[in-house]
Each structure stands twice: as C-alpha cells, then as structure tokens.
Amino acid sequence: MARSERKPAKHRIVTVRMVVVSLVVGVVLAVGSVPVAAFVSQRVLRAWKSPASQKQYWLDKGDHQIYIFHRDTPCYAHWESSIVPDGMYDSPGPDFQRPRRDPRPPYARRAYTGHVQSIVSSSAGWPCLAASGRALMDGTPARFWDEWFPSVTLGPLAWRVPVRPIWPGLIGNTAFYTAITLGLLVGVRVLRTRRRRARGRCVACNYEFGEGVSACPECGLAATA
Ligand SMILES: [Zn+2]
C-alpha cells in the first residue's frame, strides 16, 4: 500500500505569516500614530499655555528678520515663523534666543520672498516625528494656503493632521511597531509550544499523541520536533 509521500512538517517559531501580519500592524500603527499624536498634542498645547513651554528665537538675516516660536510634546513639534523685511519691527527683547544656526527643521522653513510671511508648521508621530504639514501666509494683500495640513473632523472633534511623510521617522516607527508586534507573536507562540509539549500534544496542531508515536497523524510533525 503506497503511503502518501509527505514531507515531514516543521514547526517554526517565526513564520512568514507572522512577519507579514507584524509588518501590516507596524504600518497601520506608524501611520495611525500621526493623527492621534496631533490630536492629543494640539489639545494639550492649547490647554497648557505656560510661557516656559514656548521657545523663542530671532534670526537676523540682514535684509529680513525671522521670529520663531516653538512648542512641542514628546510626539509633536509646532513651529511658527514670522518673516519680516528689515526695519519693520524693533529688535526683540532678551526672551528671544539668538542662535547662530536656524533651529527649525527643513519643513518649517521657506525662502524669503521680499514680503511679510508666516509659516505655521507641525509635525507629529511617535516615537519619531513621521509627518509634517504647514499653513502659509505671504504677500500684501496676504495670500493664505495650506500644504499637507488638512483639517480632520470626527463627530464633534476637529483637528489638523500633518500628512507629508518624514520618511526616516515613518520608516523608523514602522520598524519599531513591527518589531514589537513580532516579538509579542513569537512570545505567544513559544508559550503555546511549551504548554503543548508539556502536555504531550503536537506542538503544531495540538493533537494528542499516544504512546510510542513517532509523528503526528494529523499534521505529520515528528513527535520529537
Ligand atoms: Zn500535529
């Protein structure tokens, strides 16, 4: 009688399916953490208006000056810049730092256009900032527009979500959440395998072995696997 030629099944502690599931969860959490971080942080910053929470900078660029206001939370960074032609305002007081280098990230900057400009930019994400967006004003009469910074409404809640990817942050967050998810899945699998082995069951399909059985009759896994 010909027995079915089946390769003996192997019990792996990490499967392709676990990796794929972890990656999908990682992407969802990395992307999903952006609107959540923006929502929580915008409310926190609005409610908590201590002057100490705001950093102020002043950059003298010769033909124009830049006034910069910065606030942040562990998962959010808010930058406001006013760019004004030389001589429009007096020099600012001692509560403005005068850094040698522009402290703003690239998405919070914009080239001088010869007009008064305002740039309000936000970035959000956890553990790294993963997306940015900004609202701009330029010229006289003033023109207003947004870049990658839509308003999101969810029932009675409305807030602004930065949606332009900051790739290193987004990829880093995806790796972070993927690793945590995979770690949890592997942990659960290891515990399940131990429990099944201790009970004398097949570690792959939980079939109860009899005495002296060399392979699982259900899935073909060797009893010693
Ligand atoms: Zn089995």
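Here the structure is a predicted model, which is why all the values come from computation and not from measurement.

**Things to note about the overall build of the protein chain**
Here is step 1: Counting its secondary structure elements, the protein chain contains 2 helices and 9 strands.
Here is step 2: Against the globule reference of 17 Å for 225 residues, the protein chain gives a C-alpha radius of gyration of 28 Å, more extended than a compact globule.
Here is step 3: If you line up the protein chain on its principal axes, its C-alpha atoms span 100 × 40 × 35 Å.
Here is step 4: Looking at the 225 residues of the protein chain, the share that counts as buried comes to 36%.
Here is step 5: Once local pairs closer than 6 in sequence are excluded, the contacts in the protein chain between residues at least 24 apart make up 54%.
Here is step 6: In the form shown here, the protein chain has an accessible surface area of approximately 14100 Å², with 60% of it arising from carbon and sulfur atoms.
Here is step 7: A distance of 13 Å separates the average location of the 30 positive side-chain charges in the protein chain from that of its 15 negative side-chain charges.

**Some details on the pairing of strand β8 (residues 157-160)**
Regular strands have side chains that alternate between both faces of the sheet.
Here is step 1: Relative to β8, strand β7 (residues 151-154) is paired through 4 bridges, and the arrangement is antiparallel. Its bridge partner lying in β8, V152 is registered against W159.

**Some words on the packing of aromatic side chains**
Here is step 1: Summed over the entire model, instances satisfying the criterion amount to 8 aromatic pairs.
Here is step 2: Judged by centre distance (5.5 Å) and plane angle (80°), the rings of Y67 and Y89 are edge-to-face. Residue Y67 is found in strand β2 (residues 64-73), and its partner Y89 is found in the loop between β3 (76-85) and β4 (117-124); the two are separated by 22 residues along the sequence.
Here is step 3: The class for Y89 is partly exposed, based on a relative accessible area of 44%.
Here is step 4: With a centroid separation of 5.2 Å and 75° between ring planes, the pair formed by F176 and Y177 is classed as edge-to-face.
Here is step 5: A relative accessible area of 13% means that Y177 is categorised as buried.
Here is step 6: Over the aromatic face of W145 sits the side chain of R143, whose NZ or CZ is 4.1 Å from the ring centroid.

**A word on the coordination of the zinc ion**
Here is step 1: Protein coordination at the zinc ion: the donors are C202 (SG), C205 (SG), C216 (SG) and C219 (SG), at 2.2 to 2.3 Å from the metal.
Here is step 2: Around the zinc ion, the 4 donor atoms sit at angles spanning 104 to 119°, and that spread fits a shape best called tetrahedral.
Here is step 3: As a motif over one chain, the donors of the zinc ion read C-x2-C-x10-C-x2-C. You can see C202 sitting in the segment after α2 (167-198) and its partner C219 sitting in the segment after α2, a full 17 residues away along the chain.
Here is step 4: On the accessibility criterion, C202 (0% relative accessible area) is buried.

**So, the pattern of salt bridges**
Here is step 1: Counted by the stated rule, this structure contains 6 salt bridges.
Here is step 2: Salt-bridge contacts for D102 lead to R109; the nearest nitrogen and oxygen are separated by 3.7 Å.
Here is step 3: Here R134 and E147 are joined by a salt bridge, their closest N and O atoms 2.7 Å apart. Taken together, the positions of R134 in strand β5 (residues 131-138) and E147 in strand β6 (residues 143-147) put the pair 13 residues apart, joining distant regions of the chain.
Here is step 4: Judged by its relative accessible area of 14%, R134 falls in the buried class.
Here is step 5: Bridged by salt links that share partners, the residues D102, R104 and R109 form one connected network.

**Side note on the environment of W167**
Here is step 1: With respect to the helices and strands, the residue W167 is situated in helix α2.
Here is step 2: For the pair W167 and A131, spaced 36 residues apart in sequence, the C-alpha separation works out to 7.9 Å.

The rules we used
Residues numbered from 1 in each chain as written. Predicted model: local features only at pLDDT ≥ 70, side-chain atom pairs only at ≥ 80, totals over all residues. Heavy atoms only, no water. Helix = DSSP H or I, 4+ residues; strand = E, 2+ residues; numbered from the N terminus. Rg over C-alpha atoms; globule rule 2.2 N^0.38 Å. Buried < 20%, exposed > 50% of the residue type's maximum accessible area, 1.4 Å probe, protein only. Contact = heavy atoms within 4.5 Å. Areas by Shrake-Rupley, 256 points an atom, 1.4 Å probe, with all protein chains shown as cover. Lys, Arg positive; Asp, Glu negative; His and termini not counted. Charge placed at Lys NZ, Arg CZ, Asp CG, Glu CD. Pairing = 2+ DSSP bridges. Phe/Tyr/Trp six-rings, centres within 6.5 Å; stacked < 30°, edge-to-face > 60°. Lys NZ or Arg CZ within 6 Å of the ring centre and 35° of its normal. Donors = N, O, S within 2.8 Å, 3.2 Å for Na, K, Ca; no water. Tetrahedral: all angles 85-135°; square planar, octahedral: opposite > 155°, others 65-115°. Salt bridge = Lys/Arg side-chain N within 4 Å of Asp/Glu carboxyl O.

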